[in-house]
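Results of the structural survey
Listed here are the chains, written in short residue letters.
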Amino acid sequence: MSNGKITNEGLWLEKKGKIYKIGLRRELIQSIGAITYLDILYDAKFHNEEPLLHIESLKAAYEISIPIPGEILALNKEALDNPDILNEFTWLLELTSTVESHEYYDDKPAMVTE
């Protein structure tokens, strides 16, 4: 585990160089209930505040924006194929961004798993 940061969208971000690994916070997962469906709304580049994730749970459907602009480098294919694993707190995607992430997220640490 390593320290990451918590966004206002209910996400955690872990930065290594210009690459960010992003996942759902435990609190968000607990509040929305068991995740049954996940879709990534963009194939590559996107702007901050644009909805990027469509998530369906037992309670409702949600769109979540990533708070930084970027380009998707990798998707957690296992999570896309089997959204149940998101209930176990895992990463969703990796992206590259040229902005400094501290502009977009709270300064509270989050525990991040690989």
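Predicted model, so just to flag it, every value in this text is computed and none were measured. (Residues numbered from 1 in each chain as written. Predicted model: local features only at pLDDT ≥ 70, side-chain atom pairs only at ≥ 80, totals over all residues. Heavy atoms only, no water.)

Right, let's talk about the overall build of the chain for a bit. If you tally the helices and strands in the chain, you get two helices and ten strands. Secondary structure elements in the chain, listed N-terminal to C-terminal, are β-β-β-α-β-β-β-β-β-α-β-β. A buried classification covers 46% of the 114 residues belonging to the chain. Across the chain, the fraction of contacts at a sequence separation of at least 24, relative to all contacts at a separation of at least 6, is 56%. A total accessible area of about 6,100 Å² is found for the chain, and carbon and sulfur atoms account for 48% of it. (Helix = DSSP H or I, 4+ residues; strand = E, 2+ residues; numbered from the N terminus. Buried < 20%, exposed > 50% of the residue type's maximum accessible area, 1.4 Å probe, protein only. Contact = heavy atoms within 4.5 Å. Areas by Shrake-Rupley, 256 points an atom, 1.4 Å probe, with all protein chains shown as cover.)

With 25 residues, the main nonpolar core has Leu24 and Leu53 as its most contacted residues. Every element with two or more residues in this core is listed here: strand S2 (11-16), strand S3 (19-24), helix H1 (26-32), strand S4 (35-40), strand S6 (51-57) and strand S9 (91-96). (Core = buried A, V, L, I, M, F, W, Y, C linked by side-chain atoms within 4.5 Å.)

By the bridge criterion, five bridges tie S3 to S9 in an arrangement that is antiparallel. Counterpart to Gly23 in the pairing with S9 is Trp91. (Pairing = 2+ DSSP bridges.)

Moving on: the sheet that holds S6. Read across the open sheet, the three strands follow the order S4-S6-S7; overall the sheet is antiparallel. Only two strands of the sheet have a single partner each, and these edge strands are S4 and strand S7 (61-65). Within this sheet the neighbouring strands show an average axis-to-axis angle of 20°, counted without direction. As judged from the five bridges shared by S6 and S7, these two strands associate in the antiparallel manner. Considered in S7, the bridge of His54 is made with Glu63. (Axes fitted to C-alpha atoms, helices over the stretch in contact; angles between N-to-C directions.)

One pass over the full model with this rule turns up zero aromatic pairs. Sitting above the plane of the Trp91 ring, Lys21 keeps its charged end 5.2 Å from the centroid. (Phe/Tyr/Trp six-rings, centres within 6.5 Å; stacked < 30°, edge-to-face > 60°. Lys NZ or Arg CZ within 6 Å of the ring centre and 35° of its normal.)

The subject of this paragraph is the confidence of the model for the chain. Overall, the predicted model of the chain reaches an average pLDDT of 76, with 75% of residues at or above 70. Confidence drops under pLDDT 50 across residues 104-114; counting only partners more than four residues distant or on other chains, this segment forms 44 contacts. (pLDDT = per-residue confidence, 0-100.)

On to a negative patch on the surface. Together, Glu78, Asp81, Asp84 and Glu88 line one region of the surface with negative charge. Judged by its relative accessible area of 48%, Asp84 falls in the partly exposed class. (Patch = residues over 30% accessible without salt bridge, like charges linked within 9 Å, V, L, I, M, F, W, Y side chains within 5 Å. Salt bridge = Lys/Arg side-chain N within 4 Å of Asp/Glu carboxyl O. Lys, Arg positive; Asp, Glu negative; His and termini not counted. Charge placed at Lys NZ, Arg CZ, Asp CG, Glu CD.)

Next up on the list: the pairing of S2. Strand direction decides the pairing type here: S2 and S3, joined by six bridges, are antiparallel. From the neighbouring strand, Lys15 faces S3, where its bridge partner is Tyr20. The hairpin turn running from S2 into S3, its antiparallel successor, is two residues long, and Gly17 in that turn takes a positive phi close to 70°.

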